[in-house]
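Observations on the three-dimensional arrangement
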Amino acid sequence: MPATPNTSAVNRQHHFDILVAPGYVLLELASLVEVLRLANRVCPNPPFTFTYRSLRGGAIASSSDATVQTERIPAHPKADYLFVIGNSDPDHPDLSLGRIVSDYTFRGAQVFLLAEAASRYIDEHGTEDMSTHWENASFLRERRARFEAKLSIATEQGAVVTCAGMEATTDVALAVIGRHISGPTRMTVADIMLHENIRDFSSLQPFSGSKTTATGDAKLDQCIKLMQANIEDPLPINEIVQTLKLSNRSLERKFKTYFGTTPNGFYREMRLAKANNLLLNTTMSVREIGLACGFPNGFSSVYKSFFGVTPFVLRREKRQVKQR
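The structure displayed is predicted, hence computed values, not measured ones.

Rules and cut-offs
Residues numbered from 1 in each chain as written. Predicted model: local features only at pLDDT ≥ 70, side-chain atom pairs only at ≥ 80, totals over all residues. Heavy atoms only, no water. Core = buried A, V, L, I, M, F, W, Y, C linked by side-chain atoms within 4.5 Å. Buried < 20%, exposed > 50% of the residue type's maximum accessible area, 1.4 Å probe, protein only. Helix = DSSP H or I, 4+ residues; strand = E, 2+ residues; numbered from the N terminus. Contact = heavy atoms within 4.5 Å. Arc of directions from axis to C-beta. Pairing = 2+ DSSP bridges. Right-handed = clockwise from strand over helix to strand, strands pointing away. Axes fitted to C-alpha atoms, helices over the stretch in contact; angles between N-to-C directions.

**Topic: the nonpolar core**
- The biggest cluster of nonpolar side chains holds 34 residues, and the ones touching the most others in it are Phe 16, Phe 83, Phe 112 and Ile 177.
- Of all the secondary-structure elements, those providing two or more residues to this core are strand 1 (14-20), helix 1 (26-42), strand 5 (81-85), strand 6 (110-114), strand 8 (160-163), helix 5 (168-177) and helix 6 (183-192).
- The greatest single-element share of this core, amounting to eight residues, is contributed by helix 1.
- For Ile 177, the residues in contact, after removing those within four places along its chain, are Val 35, Leu 36, Ala 39, Phe 48, Arg 186 and Val 189.
- Within the second largest apolar cluster, 33 residues are counted, among which are Met 227, Ile 237, Met 270 and Ala 275.

**Examining helix 8 (residues 237-244)**
- Restricting attention to buried positions, one finds in helix 8 the residues Ile 237, Ile 240, Val 241 and Leu 244. Down the axis of helix 8, the sector holding all buried residues measures 95°, keeping them to one side.
- Downstream of helix 8 by a residue or two, Lys 245 has a phi angle that is positive, lying close to 60°.

**Thoughts on the pairing of strand 1**
- Counted residue by residue, strand 1 has six buried out of seven residues, so it is predominantly covered.
- Taken together, the six bridges between strand 1 and strand 2 (residues 48-54) define a ladder with parallel strand orientation. Note on strand 2: the bridge partner recorded for Asp 17 is Thr 51.
- As a crossover connection, the stretch from strand 1 through helix 1 into strand 2 is right-handed.
- Bridge count between strand 1 and strand 5: five bridges; the pairing is parallel.

**Overview of the pairing of strand 8**
- Alternating residues of strand 8 divide into Val 160 and Thr 162 and Val 161 and Cys 163, and every residue in both groups is buried.
- In this structure, strand 6 lies alongside strand 8, joined through four bridges in parallel fashion. Paired with Leu 113 across the two strands is Thr 162, which belongs to strand 8.
- In the sheet, strand 7 (residues 154-157) pairs with strand 8 via four bridges, with the strands oriented antiparallel. Residue pairing across strands places Glu 156 opposite Val 161, the latter belonging to strand 8.
- Counted along the chain from strand 7 to the antiparallel partner strand 8, the turn is two residues long, and its residue Gly 158 has a positive phi close to 65°.

**Notes on the sheet that holds strand 7**
- Spatial strand order, 3-4-2-1-5-6-8-7: eight strands in an open sheet with mixed pairing. Of all strands in the sheet, those with a lone pairing partner are strand 3 (58-61) and strand 7, marking the two edges. Neighbour to neighbour, the strand axes of the sheet diverge by 30° on average, direction disregarded.
- Contacts from helix 2 (residues 98-106) reach strand 1, strand 5, strand 6 and strand 8, with the element oriented near 150° to strand 6.
- Lying over the sheet, helix 3 (residues 116-125) contacts strand 5, strand 6 and strand 8, oriented at roughly 105° with respect to strand 6.

See below:
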């Protein structure tokens, strides 16, 4: 079950240290960073910061020769999360990170190890319930490793999360930001990325041929798609439940279980999330945005009640920041 955003920490920024090994996989780095960047773009108060790290600092090149400037891993890390982006060599010495993982987890951070970084950790410190990319799972099997790696996209064991990496990095990143922003805002990020279905950690890697859903509940998926297709002219919930052949109470239970809110509350947040994106990233007037998001009247009041500021004030503040 996804975590409900912590409303007491809405205005606190959450910091990610992103550790890259030489020859890192650019797709994995971009998948994580773009999720964070887009979340900052669509939220009134950017909730995330990040720092590129490496063991020795300096410029680190990916397997495709894209280079990032990095800072050394600090002696006393203060990040909320550490993501380790591996390379194509599970035997690379820079992926033996047991001490660094311990340094971060000791200080309360959660550590995400992707693909080769995950398989190296499984080989050196693992238990039965840890995941890596299916190619690396085969590699471990050939080596007669102590444990058989799982084929889910990620496995969470307290402070350490092992992940398949590659495109599943987007799903993992979306899951993490979902702890700190609302469900509709997270879906706005996914929509901008054209990422149709957000898989949970237990989803099997695609090579298995399994079919996944956005939430794990087909009726809930269908409801959300109806809502997404009817932003400008919102459908009454009674009409939605009739289409789905569900009772109002059944739909309410599904939304409460998965999102911690009501169908109406989720629908309103979804429309406000889209309105916020249009407000921050287009030149449409506030009235045009309200109409485009299903608020023909009272848009500014609804927006202020949710975000704590009027759309006019927020747009002015963002423009002033850009002009500095």
